[in-house]
Amino acid sequence: MKFVIQRDRLLASIQDVVKAISSRTAIPILTGMKIEAKEDGITLTGSDSDISIESFIPKEEDGIVYVEQIEPGSIVLQAKYFPEIVRKVPMNAVEIESDAQLNVTIRSGSAEFKLNGQDAEEYPQLPKLHSEDSFELPADLLKNVIKETVFAVSTQETRPLLTGVNVRVQEDQLHFVATDSHRLASRQIPVSTNETALGFQNVVIPGKSLTELNKILDENQDPVEIRITNNQILFRTKHLYFLSRLLEGNYPDTSRLIPSESKTSLQIDTKELLRSIDRASLLAKENRNNVVKLVTQDSGQLEISSNSPEVGRVVEEVTVQEISGEELRISFSAKYMMDALKVIESEQVKIEFTGAMRPFLIRPTDDEDLLQLITPVRTY
C-alpha cells in the first residue's frame, strides 16, 4: 500500500475516526485505526464495538486533489501514535507506505517515521446495514435535535436505558425524548408522509453515541441518511459512516409525566433568567444539589435566591413579561434549569408550574415542538 495525501484533510478524518477508538477494549486490534487505500480514495476506520466510524477521503473533489500515487492495500496502525505523527509532520504532503512485513513508513519533508502495522485482515468487518427503514434529516437539524435532548440522559448505569435518547415515530412526527428521571427533554420534528411507513416504532440510541456524532457532523443542510435495524443504527453522509449499537429494552412511557394544566404560568426573557440563575448558583455550588429558590411576587416580579449557611445568601429580582395564576414558591436544581435554558434559542420562554412539588414545564414561546421538564427539590 502506498499513497501521498494532504495532511489537513487526513487530520480532519483522523479526528473524526479516533472518537470511536478506545484504549480499553477486549479486542486488541481495535486499539488501532484501519487505513484502506483504493483507486478512488482512502478510507479510515475506528471502532470500539459500540460505535464504529468510517471516514472517506476522495482522491479528488471539486477540482481539488487530496490523494495521489495510490497503490491499493490496507493496514492497521496504532491510534495512540499515528494521529500525533500526522499532526506534527513538517509539510502538508504526507507519504504513507507499507511493505509485505506490515512495516509502515510515514514521510513528510525531511521527517521519516517507521511504525509497526497490523494485518488489516484481522480487523473486524463492519456490518453493512441493509434495511428498508431509512429516512433523511438535514445535518444542522439533526445537530440541533441532539443538542436539545442529549444533555438530559442519565449518567447512572443502574438504569442503562435512561443513558440513551428514545426516538419514536408517531403520527407523521419523529419524537426524541431523554430523561434521567429528575428532568426530561423532548423535541419533535415532522417527517414527510412517505416516511411514515417506517418499520421501527421505538428505538433507544446511547447518549454517548449521539454526543460523538454531534461533534463530527458539519453545520450544513447536507442530508444525513439514517438507517435502523434490530440492534443498530447507521448515520451516513457523503463521506462519513457512523454506526452505533442500540440499547435494548422498553423505554418508560414519559407522556404521563407531562402535566396537562398549570396553576401558575409566566413568560420571561430567556437570557435574563439564565444569567440570574447563574448568579444565584454561585453561592449554591457548595450544596449537593445546587438549589435555587424562585418566588412570585404581587408586583409581577420574580425573586430568585439561594442560601448556603456556610457561604452566604444571594437575592435578585427579575422582571417578568407576563405572569398569571396562583402565587408560587418553588426550589429546583440550578444546574438542571441552566442546562434547559441554554439549549433554547428563543428570546422568551414560557414556564408553567403545577404547584411547588410538581414537575414544571419550560417551552420557547415560538416553538411548541421543544419541551423541557424539571422536577423541583423539596426544601419548603
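Residues numbered from 1 in each chain as written. Predicted model: local features only at pLDDT ≥ 70, side-chain atom pairs only at ≥ 80, totals over all residues. Heavy atoms only, no water.

Asker: Would you take a moment to explain the overall build of the protein chain for this structure?
Answerer: Looking only at helices and strands, the protein chain has 6 helices and 28 strands in total. The principal-axis extent of the C-alpha atoms belonging to the protein chain is close to 80 × 50 × 40 Å. Counting all 380 residues of the protein chain, 54% fall into the buried class. Long-range contacts, defined here as pairs at least 24 residues apart, represent 66% of the contacts in the protein chain between residues at least 6 apart. Of the accessible surface of the protein chain, which amounts to about 18,700 Å², a share of 45% is contributed by carbon and sulfur atoms. (Helix = DSSP H or I, 4+ residues; strand = E, 2+ residues; numbered from the N terminus. Buried < 20%, exposed > 50% of the residue type's maximum accessible area, 1.4 Å probe, protein only. Contact = heavy atoms within 4.5 Å. Areas by Shrake-Rupley, 256 points an atom, 1.4 Å probe, with all protein chains shown as cover.)

Asker: Hey, could you run me through the side chain of Ser209 in this one?
Answerer: In this fold, Ser209 is placed in helix H4 (residues 207-216). By relative accessible area, Ser209 is classed as buried at 3%. Those residues in contact with Ser209 that lie beyond four places of it in its chain are Ile51, Phe242 and Ser244.

Asker: Help me understand the pairing of strand S27 (residues 360-364) in this model?
Answerer: Put simply, side chains in a regular strand alternate between the two faces of the sheet. When you tally the buried positions in S27, you get 5 out of 5 residues, the bulk of the element. Side chains Phe360, Ile362 and Pro364 of S27 all project onto a buried face; the interleaved residues Leu361 and Arg363 project onto the opposite face, where all are buried too. Across 4 bridges, strand S26 (residues 348-353) lies against S27 in antiparallel orientation. Across the sheet, the residue bridging to Lys350 is Arg363, located in S27. The loop that links S26 with its antiparallel partner S27 comprises 6 residues; one of these, Gly355, has a positive phi angle of about 120°. Summarising the sheet, S27 and strand S28 (residues 370-374) pair through 3 bridges and their orientation is antiparallel. (Pairing = 2+ DSSP bridges.)

Asker: Help me out: how do you make sense of the packing of helix H5 (residues 270-284) against helix H6 (residues 334-342) in this one?
Answerer: The axes of two packed helices give the description: the angle between them and the distance between them. Two elements in contact, H5 and H6, have axes whose closest approach is 10 Å; the angle formed by their N-to-C orientations is 155°. The pairing of H5 with H6 is recorded here as roughly antiparallel in orientation. Relative to H6, H5 is oriented so that their crossing is left-handed. Taken together, the residues of H6 that come into contact with H5 (itself represented by Thr270, Leu273, Leu274, Ile277, Asp278 and Ser281) are Ala334, Met337, Met338, Leu341 and Lys342. By residue class, the composition of the contact of H5 with H6 is 7 nonpolar, 2 polar and 2 charged. (Axes fitted to C-alpha atoms, helices over the stretch in contact; angles between N-to-C directions. Parallel < 35°, antiparallel > 145°, perpendicular 65-115°, else oblique. Left-handed = near helix turned anticlockwise from the far one by under 90°. Nonpolar A, V, L, I, M, F, W, Y, C, P; charged D, E, K, R; others polar.)

Asker: Honestly, the pattern of salt bridges in this entry has me stumped. Any pointers?
Answerer: Two side chains of opposite charge can pair, provided their charged atoms sit close to one another. What the rule picks out here adds up to 23 salt bridges. The residue Arg107 makes a salt bridge to Glu97 at a minimum N-O spacing of 3.2 Å. Placement of the pair is Arg107 in strand S10 (residues 103-108) and Glu97 in strand S9 (residues 93-98), with a sequence separation of 10 residues. Among the residues examined, Arg107 registers a relative accessible area of 27% and is labelled partly exposed. Between Lys350 and Glu352 there is a salt bridge, and its shortest N-O distance comes to 3.9 Å. The partly exposed category is assigned to Lys350, whose relative accessible area is 35%. In this structure Glu352 comes out as buried when scored by relative accessible area, which is 17%. (Salt bridge = Lys/Arg side-chain N within 4 Å of Asp/Glu carboxyl O.)

Asker: Sorry, what's going on with the packing of aromatic side chains here?
Answerer: Scanning the entire structure with this criterion turns up 3 aromatic pairs. Centre to centre, the rings of Phe353 and Phe360 are 5.0 Å apart; their planes meet at 40°, and the pair counts as tilted. In this structure Phe353 comes out as buried when scored by relative accessible area, which is 0%. With a relative accessible area of 0%, Phe360 lands in the buried category. (Phe/Tyr/Trp six-rings, centres within 6.5 Å; stacked < 30°, edge-to-face > 60°.)

Asker: Any chance you could explain the environment of Ser108 here in plain terms?
Answerer: The residue Ser108 is located in strand S10 in this model. Dropping the residues within four chain positions of it, Ser108 is found in contact with Val89, Pro90, Met91, Ala93 and Val94. In this structure the side chain of Ser108 is engaged in a polar contact, spanning 3.1 Å, whose partner is the backbone nitrogen of Met91. (Polar contact = N/O pair within 3.5 Å; in protein donor to acceptor, adjacent residues only side chain to side chain.)

Asker: What is the right way to read the domain arrangement of the protein chain from this model?
Answerer: As a measure of interface size, the accessible area lost when the parts come together is often cited. Domain assignment breaks the protein chain into domain 1 (2-122), domain 2 (134-255) and domain 3 (258-374). On a C-alpha basis, the centres of domain 1 and domain 3 stand 49 Å from each other. (Domains from an automatic or database assignment.)

Asker: Hey, could you run me through the sheet that holds strand S3 (residues 41-47) in this one?
Answerer: Two modes of strand pairing occur in sheets, parallel and antiparallel, and in both the strands are linked by backbone hydrogen bonds. Taking strand neighbours across the sheet as the criterion, the 8 strands line up as S8-S2-S3-S4-S19-S18-S17-S12 in an open arrangement whose pairing is antiparallel. Each edge of the sheet is formed by a strand with only one pairing partner; in this case those strands are strand S8 (73-78) and strand S12 (134-138). Each neighbouring strand pair of the sheet contributes to a mean axis angle of 20°, computed without reference to strand direction. The sheet contact formed by S12 and strand S17 (residues 223-228) spans 5 bridges and is antiparallel. From the neighbouring strand, Leu137 faces S17, where its bridge partner is Val224. Contacts between H4 and the sheet are confined to strand S4 (51-58), strand S18 (232-236) and strand S19 (240-245), with S19 contributing the most and set at about 170° to the helix.

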